[in-house]
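Residue strings, one per chain:
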Amino acid sequence: VKQSRERVLGIRALVGDGAGLRTAVTSTSDLSDAVALALADDTVELARATAPDPYAGIPKDGFAENLPELSLFDPADRELGVDSLIASAREAESAARGADPRIENSEGSESSCEFVTVSYGNSEGFFGSYEAAAHGLFSMPIAADRGEMQTDYWSTAARRQRDLEPAGAVGSEAARRALRRLGSRRVPTCEVPVVFEAATARSLVSHLTSCITGGAIYRKTSFLADALSRQIASPLVHIIDDGRRPGGLGSKPFDGEGQATRRTAVVSGGTLENFHLYSYAARKLDMAPTGSPARSPGGRPGASATNIWLEPGDRSL
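Because the structure is predicted, anything quoted here is derived from the model rather than measured. (Residues numbered from 1 in each chain as written. Predicted model: local features only at pLDDT ≥ 70, side-chain atom pairs only at ≥ 80, totals over all residues. Heavy atoms only, no water.)

1. Overview of the overall build of the protein
Right, on to step 1. Each helix and strand counted, the protein has six helices and 12 strands in total.
Right, on to step 2. With the C-alpha coordinates of the protein rotated into their principal frame, the extents come out at 75 × 50 × 35 Å.
Right, on to step 3. Counting every position in the protein, which comprises 317 residues, the buried fraction comes to 39%.
Right, on to step 4. Per element, the accessible surface of the protein, about 18,500 Å² overall, is 50% carbon and sulfur.
Right, on to step 5. Mean positive and mean negative side-chain charge positions of the protein (35 and 41 charges, respectively) differ by 4 Å. (Helix = DSSP H or I, 4+ residues; strand = E, 2+ residues; numbered from the N terminus. Buried < 20%, exposed > 50% of the residue type's maximum accessible area, 1.4 Å probe, protein only. Areas by Shrake-Rupley, 256 points an atom, 1.4 Å probe, with all protein chains shown as cover. Lys, Arg positive; Asp, Glu negative; His and termini not counted. Charge placed at Lys NZ, Arg CZ, Asp CG, Glu CD.)

Written out as C-alpha cells, the structure is:
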C-alpha cells in the first residue's frame with residue numbers, strides 16, 4: 001500500500017524588455033503567504049538574469065469561459081478506502097489465477113486512485129480551477145506450459161470508479177492474453193499487410209503526436225514540419241484530439257496557459273490538418289494556439305495531446 005499527498009505552487013514570471021520578455025519559472029511545496037511572496041520576488045529577479053526572447057509571453061485572449069462540466073470525478077469516490085482498493089486488486093488476481101491451470105504465477109495486480117485540484121491564474125485576468133480523478137486496475141499473470149513461460153496484462157482506467165471494467169473481467173482478460181502467447185512461433189521474413197490490435201496501434205498514434213508538437217515543428221526536427229495540408233496517410237485515416245470529451249482521461253476545461261480546450265481534427269482523410277501548438281510555438285510559426293499546452297507547476301508550457309484517437313472503420317478486428 002502506497003499513499004502520498006502533495007501540494008505545489010508554481011510561479012512563471014515574465015519581465016518586459018525592449019528586445020522581448022525575460023522568463024523564469026520556480027516552484028515550492030510550502031504554500032504559506034510569506035514563502036509565496038518571497039518566491040514571487042525571487043522569480044522576477046531570476047527572470048531579469050535571463051536573455052530576452054521576442055516570442056515569449058502568455059496568450060492575450062482565447063481564455064476559457066464558463067468552464068464546462070466534463071465528468072472528471074465523482075465526489076462519492078473520495079469515500080473509497082484502502083480496503084476497497086485492495087479488494088479490487090485481489091479480485092482481479094483471483095480471476096487471473098483461476099482462469100486456467102496453466103496460469104502458474106503472477107507479476108501482480110494493482111488498484112489505484114488519484115485526486116487532483118488544478119488552479120491557474122495569470123496577469124491577463126484569467127483564473128480557473130477544476131478537480132479531477134483517475135482510477136485504475138491492472139493485472140499481469142504468468143502462463144506456463146511444457147517449460148515455456150509467457151506473460152501479458154490487461155488494465156482499465158477511468159475518471160470515475162464505476163466506469164472501470166469489473167475487476168474479475170480484468171483478471172480474466174489478462175489471463176486470456178497470457179495464455180494465447182503459449183506456443184507462439186516466429187514467422188519467416190516477409191512483406192505482408194499487418195493488422196494492429198488497439199493496444200498496439202496506440203503506439204503509432206503516439207509517434208505521430210511527438211512529430212506534430214510545436215517545438216519539433218519550429219525547430220525543424222520533425223519529418224512532418226512542412227507537411228501541413230499534405231496527404232500523410234491513407235484516406236481512411238481520421239485522427240481526432242478532443243480536450244473536452246466528457247470523462248476523457250486527457251480532458252480538462254482549460255489548457256496549461258488558461259485557454260479553452262477544444263476538439264481538433266489532426267488528420268482528416270489522411271491529410272495533416274493541425275499541429276499541437278502552445279503560444280510560444282504559435283508565435284514562432286505565425287499560427288494560432290490549438291488548446292494543446294500542458295505544464296507542471298514548476299515547468300514551462302509545452303504542447304501535448306489530450307484525448308487523441310484514430311477513428312474506427314466499419315470492420316471488427
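2. A short note on the packing of aromatic side chains
Right, on to step 1. Counting across every chain of the model gives eight aromatic pairs.
Right, on to step 2. Taking the centre distance of 5.3 Å and the plane angle of 75° together, the rings of Phe126 and Phe254 count as edge-to-face. Note that Phe126 is positioned in the loop between strand S3 (103–121) and strand S4 (127–145) and Phe254 in the loop between strand S7 (239–242) and strand S8 (263–268), a separation of 128 residues in sequence. Note on accessibility: Phe126 and Phe254 belong to one class, buried.
Right, on to step 3. Plain terms: the ring middles of Tyr130 and Phe254 are 5.2 Å apart, the flat faces sit at 80° to each other, and that makes the pair edge-to-face. (Phe/Tyr/Trp six-rings, centres within 6.5 Å; stacked < 30°, edge-to-face > 60°.)

3. What to know about the side chain of Thr28
Right, on to step 1. You can see Thr28 is positioned in strand S2 (residues 20–28).
Right, on to step 2. Only 3.0 Å separates the side chain of Thr28 from the backbone nitrogen of Asp30, close enough to count as a polar contact.
Right, on to step 3. With residues near it in sequence (within four places) discarded, Thr28 still touches Arg7, Val8, Leu9, Val35 and Leu39. (Polar contact = N/O pair within 3.5 Å; in protein donor to acceptor, adjacent residues only side chain to side chain. Contact = heavy atoms within 4.5 Å.)

4. Some remarks on the environment of Ala132
Right, on to step 1. Residue position: Ala132 is located in strand S4.
Right, on to step 2. Residues Ala132 and Lys252 lie 120 residues apart in sequence; the distance between their C-alpha atoms is 8.5 Å.

5. Considerations on the nonpolar core
Right, on to step 1. Ranked by size, the top nonpolar core spans 19 residues in total, and within it Leu208, Ile212, Leu224, Ile239, Val266, Val267 and Leu272 carry the most contacts.
Right, on to step 2. Every element with two or more residues in this core is listed here: helix H4 (198–211), helix H5 (214–218), S8 and helix H6 (279–285).
Right, on to step 3. Here Leu272 is in contact with Ile212, Leu224, Ala227, Leu228, Ser229, Arg230, Ile232, Val266 and Val267, once residues within four sequence places are set aside.
Right, on to step 4. Leu70, Tyr120, Tyr130 and Phe254 belong to the second-largest nonpolar core, a separate cluster that totals nine residues. (Core = buried A, V, L, I, M, F, W, Y, C linked by side-chain atoms within 4.5 Å.)

6. Notes on helix H1 (residues 33–48)
Right, on to step 1. An ideal rise of 1.5 Å per residue puts 22 Å on 16 residues; H1 measures up with 23 Å between its terminal C-alpha atoms.
Right, on to step 2. By the burial criterion, the buried members of H1 are Ala36, Leu39, Thr43 and Ala47. The buried side chains of H1 occupy one side of the element, clustering within an arc of 70° when seen end-on. Opposite its buried face, H1 presents the exposed residues Ala34, Leu37 and Asp41, each directed more than 90 degrees away.
Right, on to step 3. On its buried face, H1 sits against strand S1 (9–17) and S2. (Expected span 1.5 Å × (residues − 1). Arc of directions from axis to C-beta.)

7. Notes on the pairing of S7
Right, on to step 1. Of the two faces of S7, both are covered, the one formed by Ile239 and Asp241 as well as the one formed by Ile240 and Asp242.
Right, on to step 2. Sheet analysis places S7 next to S8, joined by four bridges and oriented antiparallel. Within S8, the position partnered with Ile240 by the bridge is Ala265.
Right, on to step 3. Pairing analysis gives three bridges linking S7 to strand S12 (residues 308–310), with the strands arranged antiparallel. Residue pairing in the sheet places Ile239 in a bridge with Leu310 of S12. (Pairing = 2+ DSSP bridges.)

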